[in-house]
Amino acid sequence: TLFSSAANSDRLDLSSQALERARARLGRLLLLEDADNSLKTLQVNLDEAWAQHLGNLGRYDEAIAAEQGVVDLREAAVRRVGRTSSSMGDLGFSLATLGVIARKAGDRALACDSWRAAAAAWDDSARQSELPGYHANMLQGIRQNLALCDSGAPVSAFRALTDHPS
């Protein structure tokens, strides 16, 4: 909560401190309880927040590498538990996030590829159960940006995933 409050209020210094403290404490907990799945889930979520934070700081290469690490963990989860609605939904969100970071970095190819993969993951998830509203809204933005990808539009024409006309 402190991270998101600080990030939304442009207090990136406070956001950095909160994320660094949380990641360090979680690392210590994982040393004690390395088989705790809830701690592992929290670690992936914190890693994703860290990647987004790095992107907000303009540290795009680090942000992309961090988010690719999250995507790799999500793909490993899909291999482990199968293509469940939940695992595919999580993978779709992380791929969408990778695309957002790539868009900010000006990496058109990575943004388009990530969004294509996110749309496929969310389509798979939606065949099994209804997508949460936030994911459905992001998917609409992805589809609009994919139309721009397919038309050859420059990365500067892409919009935020939740910034589109209904």
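Structural data are supplied above this passage.
Procedures and definitions
Residues numbered from 1 in each chain as written. Predicted model: local features only at pLDDT ≥ 70, side-chain atom pairs only at ≥ 80, totals over all residues. Heavy atoms only, no water. Helix = DSSP H or I, 4+ residues; strand = E, 2+ residues; numbered from the N terminus. Buried < 20%, exposed > 50% of the residue type's maximum accessible area, 1.4 Å probe, protein only. Contact = heavy atoms within 4.5 Å. Expected span 1.5 Å × (residues − 1). Phe/Tyr/Trp six-rings, centres within 6.5 Å; stacked < 30°, edge-to-face > 60°. Salt bridge = Lys/Arg side-chain N within 4 Å of Asp/Glu carboxyl O.

Caption draft 1: Layout of the overall build of the protein chain. Looking only at helices and strands, the protein chain has seven helices and zero strands in total. N-terminal to C-terminal, the α/β element order of the protein chain is α-α-α-α-α-α-α. Looking at the protein chain as a whole, 40% of its 166 residues qualify as buried. For the protein chain, restricting intrachain contacts to residue pairs at least 6 apart in sequence, the fraction spanning at least 24 positions comes to 57%.

Caption draft 2: Here's a closer look at the environment of V70. Among the secondary structure elements, V70 is positioned in helix α4 (residues 60-81). The spatial distance from the C-alpha of V70 to the C-alpha of L95 is 8.9 Å, given a sequence separation of 25 residues. The contact partners of V70, leaving out residues within four places of it in the chain, are V44, D47, E48 and S94.

Caption draft 3: Region of the structure containing helix α6 (residues 108-128). In this model α6 runs 31 Å from its N-terminal to its C-terminal C-alpha over 21 residues, within 8% of the 30 Å that 1.5 Å per residue would give. The complete set of buried residues in α6 reads A111, C112, S114, W115, A118, A119, A121, W122, D124 and S125.

Caption draft 4: A look at the packing of aromatic side chains. As enumerated under the stated definition, the model contains two aromatic pairs in all. Centre to centre, the rings of F93 and Y134 are 6.5 Å apart; their planes meet at 45 degrees, and the pair counts as tilted. Taken together, the positions of F93 in helix α5 (residues 85-105) and Y134 in helix α7 (residues 133-151) put the pair 41 residues apart, joining distant regions of the chain. Residues W115 and F158 carry aromatic rings whose centres are separated by 5.6 Å and whose planes lie at 65 degrees to one another, so their mutual orientation is edge-to-face. You can see W115 sitting in helix α6 and its partner F158 sitting in the segment after α7, a full 43 residues away along the chain. Like W115, the residue F158 is buried in the burial classification.

Caption draft 5: Just the pattern of salt bridges, in detail. Counted according to the given criterion, the structure contains seven salt bridges. When the shortest N-O distance is used, the salt bridge between D113 and R116 registers 3.9 Å. With D113 and R116 both in helix α6, this residue pair falls three residues apart, about one helical turn. The partner of D150 in a salt bridge is R116, and the shortest N-O contact between them spans 2.7 Å. Taken together, the positions of D150 in helix α7 and R116 in helix α6 put the pair 34 residues apart, joining distant regions of the chain.

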